[in-house]
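The residues making up each chain are set out below.
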Amino acid sequence: MGRLQVRLQNQAPMPLAAEFECAAGELIALVGPSGSGKTSLLRAVAGLLRAPQLQGTVQVGDRFWFDSSRGIHLTPQQRRVGLVFQHYALFPHLTALENVAVACPSSLDIRQDASLRALFERLGLAGLEQRRPAQLSGGQQQRVALARALRRILRPQDGRVEQGGVLLLDEPFSAVDAPTRQTLYRELAALRQQVSTPMVLVTHDLSEARRLADRVVIVDAGATLQSGPPERVFSSPRNARVADLVGIQNHFRGRFLRQPGDRGVLRWEGRDGAGLDLQVIDKHRLDDGVAVTWVLAGEHVDVLLPDAAALADDTHNRLLCTLVEVLALGETSLCALVPEGLSSEKLTLNLSTAQLRRLGSGVGGKLLVQIPRQGIHIMPQRTGG
C-alpha cells in the first residue's frame, strides 16, 4: 500500500506551511486549536481546497494527486479518498444503503451488491439498510458515514483496500455522546486490523489523540510544529508554543548549567530573582549557561508527605512545597504548590480525591514533590517563547 506524503504551502485564504506523512496501516492525528488549519489540510488532501496560491505536493505511493510545479491537480473524484465529516453529511432523502452506494456507483443493483452487504456487516449495520438518516441514532449515522468513506477506498470484488486509498476523518466523534464515542473507538480499532490504509484523524481532543493515534502532528496557524508518538510529543514538546498547545501547565524559565558526564543543573529562575537548582540529564545539545524554557508533565511527579524516607539514589529532585490552592474538579483536584525558596513560582498538579485524603494535607500544609531527572524537558529559550 502507498504512503501518504503531504507538503503544502499557501498564503490565502488559509495560510499553510505543512508537512507530514502517514504510512499504510498507520493512523496519525492532526491536533491543534480551532482555526489552526487542520480541516484545510484534509480538504487539500481530498482535492476540495482549490486555492490559486496553493503550492507543494500530495503524493500517495508513487502517484501524485497534486503537484503545483507540474500542474497536477486531480479532482476529488479522481482521488481514492474516503472522507468522514464531523456532522456525517448524509443525504436525508436516501436510505442508509443508498447513502453508502453513492460514494462509488456500481453497475450492480445495490440490493444485489455483495460488497455493500459485507460492508454493512463489517460495521454492525446489517438490518438498517433501508432506514433513512432520521431513523438512525447518532452512532448509527456515523457508522453509515464511515461505511460510505470505506466504499471509496475498498475494491468491490474482495473488500480489500484499493491501491492508493486514504481514509480522512474530520472530528468524526465529537457530535456523539460518550458511550457511543467509546463504541466507535473500538470499531475504529477493529477496522484498523482489517483495513491497511493511511488514516488521518483531525481532532482537538488531546486524550482522543493519545488513545487512537500512532503519531500526532501538532498544527498551529496552518503550520506543522512537531510530530511523533503521542507520549513523546506531549511530554517533550519542541518549543514553548507546542507546550501550550498540548496543555502542559507547568512551563517555566531557567538557565542550564553543564556538569561532568551526563548530568546537568537547571537553575529554575523565579520572577522575583530567586533561584532553585534541579538535577537534569545533559543530552549535550545545550551550551553551558544558556537561557532555557522547561516543562514538567504531571505524570512524572510523585507527591509525598514531608517525612517520607529519602530515596537511595540521586536520580530524583525532592522539593518541599506549600499547598496554596485546591480546586475540586469531580474526582480530582487542581492543586497549586509553591516550592520552598521560590515563592514567585507555582507547580500545578492534578491530584485525586483519594490521594489528597491519604496525604491528609489542606491549604497551607507542606508536601514533598519528587521529580525524576528525566521528567524535566528543557528547550532553548527563543524570543516570544
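Preceding block: the structure.
Just so it is clear, the model here is predicted, and its values are computed rather than measured.

Trainee: I'd love a proper account of helix 3 (residues 114–122), names of residues and values included.
Mentor: By the burial criterion, the buried members of helix 3 are Ser115, Leu116, Leu119 and Phe120. For helix 3, the buried positions fall inside an angular range of 140° around the axis, keeping them on one side. Looking at the buried residues of helix 3, the elements they touch are helix 2 (96–101) and helix 4 (138–153).

Trainee: Before we move on, can you summarise the sheet that holds strand 12 (residues 250–258) with the specific residues and values?
Mentor: Read from one edge to the other, the open sheet built from five strands follows the order 14-13-12-15-21, with strand pairing classed as antiparallel. In this open sheet, the two edge strands, each paired with only one partner strand, are strand 14 (275–281) and strand 21 (376–380). Within the sheet, the average angular offset between the axes of one strand and its neighbour, ignoring direction, is 40°. Sheet topology note: the strand 12/strand 15 (residues 291–296) ladder contains six bridges and is antiparallel. From the neighbouring strand, Asn250 faces strand 15, where its bridge partner is Leu296.

Trainee: So what about the environment of Ile28? Which residues, and what values?
Mentor: Of note, Ile28 is situated in strand 3 (residues 27–31). Placed 201 residues apart in sequence, Ile28 and Pro229 show a C-alpha to C-alpha distance of 9.1 Å. Non-local contacts of Ile28, meaning those with residues more than four positions away in its chain, are made with Phe20, Glu21, Cys22, Met199, Val200, Leu201, Ala213, Arg215 and Val217.

Trainee: Quick one: what's the story with the pairing of strand 7 (residues 81–84), residue by residue and with numbers?
Mentor: Of the two faces of strand 7, the one lined by Val81 and Leu83 and the one lined by Gly82 and Val84 are each fully buried. Sheet topology note: the strand 7/strand 8 (residues 166–170) ladder contains four bridges and is parallel. Paired with Val81 across the bridge in strand 8 is Val166.

Trainee: Would you mind going over the packing of helix 3 against helix 4 in detail, with residue names and values included?
Mentor: In a pair of packed helices, the angle between the axes and the distance between the axes together describe the arrangement. Two numbers describe how helix 3 lies on helix 4: the axes approach to 10 Å, and their chain directions differ by 135°. In terms of orientation, helix 3 and helix 4 fall into the oblique class. In terms of crossing hand, the pair formed by helix 3 and helix 4 is right-handed. Contact residues: Ser115, Leu116 and Leu119 in helix 3; Ala147, Leu150 and Arg151 in helix 4. Classifying every residue of the contact of helix 3 with helix 4 gives four nonpolar, one polar and one charged.

Trainee: Please set out the environment of Cys22 residue by residue, giving values where relevant.
Mentor: Secondary-structure assignment places Cys22 in strand 2 (residues 16–22). As for Cys22 and Leu168, which are separated by 146 residues in sequence, their C-alpha atoms are 11 Å apart.

Trainee: Account for unusual backbone geometry, with residues named and values stated.
Mentor: Unlike most non-glycine residues, Glu171 shows phi in positive territory, near 45°. Here the phi dihedral of His284 falls at roughly 60°; this positive angle occurs in a residue that is not glycine. Residue position: His284 is located in the loop between strand 14 and strand 15.

Trainee: Describe the pattern of salt bridges, naming the residues involved and giving the relevant values.
Mentor: Taken as a whole and judged by the stated rule, the model has 12 salt bridges. With a shortest N-O distance of 3.1 Å, Glu345 and Arg271 are connected by a salt bridge. Highlighted residues: Glu345 in the loop between strand 18 (332–339) and strand 19 (347–352) and Arg271 in the loop between strand 13 (263–269) and strand 14, separated in sequence by 74 residues. Take Arg271: its relative accessible area is 69%, and that puts it in the exposed class. Because the salt bridges share partners, they merge into one network encompassing Arg3, Arg7, Glu19 and Glu21.

Trainee: Go over the packing of aromatic side chains with me, naming the residues and quoting the values.
Mentor: Per the stated rule, a full pass over the model turns up four aromatic pairs. Ring geometry for Phe173 versus Tyr185: centroids 5.2 Å apart, planes at 90°, classification edge-to-face. Of this pair, Phe173 sits in the loop between strand 8 and helix 5 (178–194) while Tyr185 is found in helix 5, placing the two residues 12 residues apart along the sequence. As far as the burial class goes, Phe173 and Tyr185 line up, both buried. Ring plane angle 50° and centroid distance 4.7 Å describe the contact between Phe252 and Trp268, whose orientation is recorded as tilted. One end of the pair, Phe252, is in strand 12; the other, Trp268, is in strand 13, with 16 residues separating them in the sequence. Here the two residues Phe252 and Trp268 agree in accessibility, since each one is buried. Three or more aromatic residues joined by ring pairs make a cluster, and in this case those are Phe252, Trp268 and Trp294. Lying across the ring of Phe64, Arg70 places its NZ or CZ 4.7 Å from the centre.

About the criteria used
Residues numbered from 1 in each chain as written. Predicted model: local features only at pLDDT ≥ 70, side-chain atom pairs only at ≥ 80, totals over all residues. Heavy atoms only, no water. Buried < 20%, exposed > 50% of the residue type's maximum accessible area, 1.4 Å probe, protein only. Helix = DSSP H or I, 4+ residues; strand = E, 2+ residues; numbered from the N terminus. Arc of directions from axis to C-beta. Contact = heavy atoms within 4.5 Å. Pairing = 2+ DSSP bridges. Axes fitted to C-alpha atoms, helices over the stretch in contact; angles between N-to-C directions. Parallel < 35°, antiparallel > 145°, perpendicular 65-115°, else oblique. Left-handed = near helix turned anticlockwise from the far one by under 90°. Nonpolar A, V, L, I, M, F, W, Y, C, P; charged D, E, K, R; others polar. Salt bridge = Lys/Arg side-chain N within 4 Å of Asp/Glu carboxyl O. Phe/Tyr/Trp six-rings, centres within 6.5 Å; stacked < 30°, edge-to-face > 60°. Lys NZ or Arg CZ within 6 Å of the ring centre and 35° of its normal.

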